[in-house]
Protein chains: 2
Amino acid sequence: MGLESGKSGGARGNPSDSGMQIAPLPDMAALRRAAERLEGKAVRTPLLESPPLNAALGGRLLVKAEVLQRTGSFKFRGAFNRLSQIPPEARAQGVVAFSSGNHAQGVAAAAQLLGMPAIIVMPADAPRIKVANTRGYGAEVVFYERATEDREAIAAKIIAARGATLVKPFDDAEIIAGQGTSGLELAEQAAARGLALDAVVVPCSGGGLASGVALAFEALSPGTAIHTAEPEGFDDTARSLAAGTRVKNARGGKSVCDALLAEQPGEITFALMAPRIASGIAVTDAEVAHAMAVAFSHFKLVVEPGGAAALAAALAGKVPVRERTVAVLCSGGNVDATLFRRLIEDAA
Amino acid sequence: MGLESGKSGGARGNPSDSGMQIAPLPDMAALRRAAERLEGKAVRTPLLESPPLNAALGGRLLVKAEVLQRTGSFKFRGAFNRLSQIPPEARAQGVVAFSSGNHAQGVAAAAQLLGMPAIIVMPADAPRIKVANTRGYGAEVVFYERATEDREAIAAKIIAARGATLVKPFDDAEIIAGQGTSGLELAEQAAARGLALDAVVVPCSGGGLASGVALAFEALSPGTAIHTAEPEGFDDTARSLAAGTRVKNARGGKSVCDALLAEQPGEITFALMAPRIASGIAVTDAEVAHAMAVAFSHFKLVVEPGGAAALAAALAGKVPVRERTVAVLCSGGNVDATLFRRLIEDAA
């Protein structure tokens with residue numbers, strides 16, 4: 001796969017700020033190949049809008065409903081794209097991922113479709129629903145104690161013992177290419193309706209989704225500004241983009257967005273995002289809860305807190321919608337009923 | 001529009017059981033024309049499934065997510081198809097409908113798109129959210145007192161004064177043809193995936209949706225059994241189909257399914273359903289609440305009680321899924337947060 005020859009090393013960031021050689025970056029051709037692999041496997045999620053909400057906002061707001069993706073989040077796209085490229089001779093040994101959330105389910109579902117064993121390393125206190133869902137996709141779950149055990153060491157032991165392939169959550173060219181297919185679809189769906197998007201807002205944790213979407217729009221709609229949305233206190237991507245180098249979140253922060261708590265952007269994802277993301281936005285828990293309530297009432301979608309961060313940024317006016325056309329990705333819907341009930345009540 | 005020449009007057013019902021002449025029945029050609037009119041206006045709603053739920057059910061269950069339709073229910077389809085055929089010279093006088101629910105929003109949104117005035121006659125105690133949504137689509141709302149005023153008389157007065165066109169909720173050939181486009185899409189989506197559907201279950205009130213879906217499947221997948229789903233105590237369609245003649249619900253029943261409380265099937269809808277519906281199913285409030293919770297957790301969809309009746313029938317085993325492939329329409333998602341929160345809690 002060729003290095004992206006476009007704007008990398010551009011004004012807003014330097015892909016080799018670490019001074020080290022980084023892995024090859026995915027490009028638009030990689031996204032196209034990912035889209036072919038996902039054809040008939042991933043849901044082509046709808047692009048929805050609400051005329052009454054548009055009237056209230058004085059602009060046009062579109063929601064890419066990635067909560068309807070297989071496994072309830074966009075993570076299936078990257079996982080399937082990555083796993084389908086594991087060579088036949090390595091498939092029987094299976095894959096390993098560590099995640100208590102959406103990546104676990106994406107990898108498990110992709111492995112099941114491809115007939116590969118999957119081992120997911122999860123904290124012993126992971127929500128039962130996520131354990132049950134992961135097992136529902138046929139994966140083996142290996143627990144570890146957060147306080148006393150190192151999940152990476154456990155995964156490494158499994159890899160050594162079984163010859164399994166590690167599937168990273170975001171900092172992997174084929175994971176990024178897979179996630180980027182959601183942006184490719186979004187650009188195509190907008191174009192099919194004759195819409196020129198002023199901005200697209202993407203929930204961001206490690207940056208796999210945001211960098212993939214940015215690649216797609218660079219090729220298909222370069223005039224569209226791409227923004228990341230992160231929880232306050234976990235806006236490492238926003239601050240890294242501003243600083244031109246990767247920075248970490250301070251320890252001890254709290255956010256309701258359990259899916260968006262990565263410590264810092266990935267190496268590959270930051271190299272892709274730095275020249276392509278217009279700015280990073282931080283949203284509060286209250287803004288997220290309000291966005292979940294709007295998704296409930298206007299779009300009939302169940303969106304988890306992290307999945308609602310981009311919608312929150314738009315509704316809070318942090319990415320203006322008035323007299324503009326803005327699309328947001330609602331990237332996941334895996335939320336417990338108890339938390340969902342509390343958040344939409346608080347926001348009502 | 002020609003009379004349906006197929007199975008009408010068949011074994012399970014007689015379309016002219018009233019002894020009177022009935023209006024022309026819509027046919028497959030009318031559905032095709034409706035689909036052309038709705039192209040680019042209605043959402044082509046996705047057909048979703050959940051592999052873990054399938055594994056638990058031992059079969060394959062597909063959900064046609066009509067909650068994602070414009071206005072949050074299938075009603076937009078029929079309303080737009082009907083309104084788009086009002087001749088140019090009658091458009092300025094507008095349309096009138098009486099409804100406190102999904103039909104109101106469907107008519108208001110269709111009228112707004114077509115640049116026609118819409119007047120919706122609503123009970124003075126209608127939920128504020130439904131009044132706000134209807135106004136959000138640009139409609140004028142005229143209130144009446146349930147106890148002392150006759151909504152049909154009020155509508156008749158508006159029609160006489162303004163020359164507006166009455167838009168019936170279900171017993172109208174073009175409304176039925178519009179609703180049937182959801183079945184046409186469902187049949188096409190299933191065929192595109194190589195699925196042979198054993199059964200389709202459709203929430204049923206007056207029968208507009210069920211009769212339209214039945215028409216589509218008669219033409220495109222005649223081996224698929226079509227079932228209606230109604231609330232217990234409001235299973236007039238089930239009992240009418242069994243009796244071979246239209247019967248009414250007993251007064252005084254209660255159901256959480258506010259959208260499915262029609263007193264009896266329509267004349268046209270019954271003529272269409274009688275020879276084409278395999279059987280009518282009744283579901284309890286508890287089964288409906290459970291279905292709403294499953295739609296929340298497995299499909300990330302907000303489904304209102306009436307919209308969940310067909311899913312409830314399948315999950316309760318009243319339409320068996322085991323070793324079969326069954327599709328259900330989730331027909332609407334317009335539910336207040338308070339009720340939604342209570343029902344998914346009760347069902348958890």
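Residues numbered from 1 in each chain as written. Chains lettered and ligands numbered in written order. Predicted model: local features only at pLDDT ≥ 70, side-chain atom pairs only at ≥ 80, totals over all residues.

1. Here's the deal with the overall build of chain A
- Looking only at helices and strands, chain A has 14 helices and 10 strands in total.
- Rg of the C-alpha trace for chain A: 19 Å, near the compact-globule value of 20 Å for 348 residues, within the 12% margin.
- A principal-axis box enclosing the C-alpha atoms of chain A has dimensions of 60 × 45 × 40 Å.
- By the burial criterion, 56% of the 348 residues in chain A qualify as buried.
- In chain A, the share of contacts with a sequence separation of at least 24, taken over all contacts with a separation of at least 6, comes to 75%. (Helix = DSSP H or I, 4+ residues; strand = E, 2+ residues; numbered from the N terminus. Rg over C-alpha atoms; globule rule 2.2 N^0.38 Å. Buried ≥ 20, exposed ≤ 12 C-beta atoms within 10 Å, placed from the backbone. Contact = placed C-beta atoms within 7 Å.)

2. Regarding the relation of the copies chain A and chain B
- Least-squares fitting of chain A to chain B yields an RMSD of 0.0 Å, with the transformation described by 0.0 Å of translation along the axis and a rotation of 180°. These values place the two chain copies in the arrangement generated by a two-fold rotation axis. Identified as the residue of chain A closest to the rotation axis by C-alpha distance is Leu301 of chain A, at 2.5 Å. (Least-squares fit on C-alpha atoms with pLDDT ≥ 70 in both.)

3. Considerations on the interface of chain A and chain B
- Each side of the interface is counted separately: chain A has 25 residues, and chain B has 25 residues.
- At the level of secondary structure, the elements contributing two or more residues to the side of chain A that touches chain B comprise helix H2 (51-57), helix H6 (128-136), helix H12 (285-299) and helix H14 (337-347) of chain A.
- For the side of chain A that touches chain B, the class distribution of residues is 17 nonpolar, five polar and three charged. (Nonpolar A, V, L, I, M, F, W, Y, C, P; charged D, E, K, R; others polar.)

4. Some points on the packing of helix H8 (residues 173-192) of chain B against helix H9 (residues 208-220) of chain B
All names here are of chain B.
- The interhelical angle for the contact between H8 and H9, taken along N-to-C directions, is 50°, at an axis separation of 7 Å. One finds that H8 runs oblique with respect to H9. Once H8 is placed against H9, the crossing between them reads as right-handed. On H9, the residues that touch Ile175, Ile176, Ala177, Gln179, Gly180, Ser182, Gly183, Leu184 and Ala187 of H8 are Gly208, Leu209, Ser211, Gly212, Val213, Leu215, Ala216, Phe217 and Leu220.
- Its residues placed into classes, the contact of H8 with H9 shows 11 nonpolar, seven polar and no charged. (Axes fitted to C-alpha atoms, helices over the stretch in contact; angles between N-to-C directions. Parallel < 35°, antiparallel > 145°, perpendicular 65-115°, else oblique. Left-handed = near helix turned anticlockwise from the far one by under 90°.)

5. Some points on the domain arrangement of chain A
All names here are of chain A.
- What the domain assignment lists for chain A is domain 1 (28-73 + 172-347) and domain 2 (75-166).
- Taking only C-alpha atoms, the centre of domain 1 and the centre of domain 2 are 24 Å apart.
- The element contributing the most residues to the side of domain 1 that touches domain 2 is helix H8 (residues 173-192), with eight residues.
- Of the residues contributing to the side of domain 1 that touches domain 2, the split by class is seven nonpolar, 11 polar and seven charged. (Domains from an automatic or database assignment.)

6. Here we look at the sheet that holds strand E7 (residues 199-203) of chain B
All names here are of chain B.
- Taken together, the six strands give an open sheet; going across it, the order is E1-E2-E10-E7-E8-E9, and neighbouring strands pair in mixed fashion. The open sheet has two free edges, formed respectively by strand E1 (47-49) and strand E9 (277-283), since each of these has just one partner strand. For this sheet the average axis-to-axis angle between neighbouring strands, irrespective of direction, equals 25°.
- By the bridge criterion, three bridges tie E7 to strand E10 (residues 325-330) in an arrangement that is parallel. (Pairing = 2+ DSSP bridges.)

7. A few points about the confidence of the model for chain A
Residues and elements named next belong to chain A.
- When pLDDT is averaged along chain A, the result is 91, and 93% of the positions lie at 70 or above.
- A low-confidence stretch, residues 1-19 stays under pLDDT 50, and its non-local contacts, those more than four residues away or across chains, total 39 contacts.
- Scored by ipTM, the complex comes to 0.91, with pTM at 0.92. (pLDDT = per-residue confidence, 0-100.)

8. Topic: the sheet that holds strand E10 (residues 325-330) of chain A
All names here are of chain A.
- As summarised here, the arrangement of the six strands in space is E1-E2-E10-E7-E8-E9, forming an open sheet in which the pairing is mixed. Each edge of the sheet is formed by a strand with only one pairing partner; in this case those strands are strand E1 (47-48) and strand E9 (279-283).
- With respect to the sheet, helix H10 (residues 236-243) is in contact with strand E8 (225-231) and E9, its orientation differing from that of E9 by roughly 150°.

9. Points about helix H7 (residues 151-162) of chain B
- Look at H7 of chain B: 16 Å from first C-alpha to last across 12 residues, which is about the 16 Å you get at 1.5 Å a residue.
- Of the residues trailing H7 of chain B, Gly163 of chain B is marked for its positive phi of about 70°. (Expected span 1.5 Å × (residues − 1).)

10. Concerning unusual backbone geometry
All names here are of chain A.
- The phi angle at Thr71 is positive, at roughly 75°, despite the residue not being glycine.
- Tracing the chain through its elements places Thr71 in the loop between strand E2 (60-65) and helix H3 (75-83).
- When the 31 C-beta atoms within 10 Å are taken as the criterion, Thr71 is described as buried.
- Within the chain, Glu323 stands out as a residue other than glycine whose phi angle is a positive 55°.
- Mapping Glu323 onto the fold places it in the loop between helix H13 (309-315) and E10.

11. Things to note about the environment of Gly252 of chain A
- Positionally, Gly252 of chain A belongs in the loop between H10 and helix H11 (267-273).
- Residues Gly252 of chain A and Gly233 of chain A, 19 residues apart in the sequence, show an inter-C-alpha distance of 8.9 Å.

12. Overview of the pairing of strand E5 (residues 140-144) of chain A
Residue and element names in this part refer to chain A.
- Judged from the five bridges that link them, strand E4 (residues 118-123) and E5 form a sheet pairing that is parallel. By the bridge assignment for E5, Ile120 is matched with Val141.
- Taken together, E4, H6 and E5 form a β-α-β motif whose crossover is right-handed. (Right-handed = clockwise from strand over helix to strand, strands pointing away.)

13. Focus: the nonpolar core
- Core analysis: the biggest nonpolar cluster contains 226 residues, and Leu311 of chain A together with Leu311 of chain B have the highest contact counts within it.
- Those residues in contact with Leu311 of chain A that lie beyond four places of it in its chain are Val63, Ala291, Val294, Ala295, Val328 and Cys330 of chain A. (Core = buried A, V, L, I, M, F, W, Y, C linked by C-beta atoms within 7 Å.)

14. Examining the pairing of strand E7 (residues 199-203) of chain A
Residues and elements named next belong to chain A.
- Within E7, five of the five residues are buried, which leaves the element mostly enclosed by the surrounding structure.
- Burial of the side chains of E7 extends over both faces: Ala199, Val201 and Pro203 are buried on one face and Val200 and Val202 on the other.
- As defined by bridge partners, E7 adjoins E8 across five bridges and the pair is classed as parallel. From the neighbouring strand, Ala199 faces E8, where its bridge partner is Ala225.
- Traced from E7 through helix H9 (residues 208-220) to E8, the parallel crossover comes out right-handed.

15. A closer look at the environment of Glu263 of chain B
Residue and element names in this part refer to chain B.
- Inspection of the secondary structure puts Glu263 in the loop between helix H10 (236-243) and helix H11 (267-273).
- Remark: the alpha-carbon pair of Glu263 and Asp235, spanning 28 residues in sequence, is separated by 9.3 Å.
- Look past the residues within four positions of Glu263 in its chain and what remains in contact with it is Asp236, Lys248 and Asn249.

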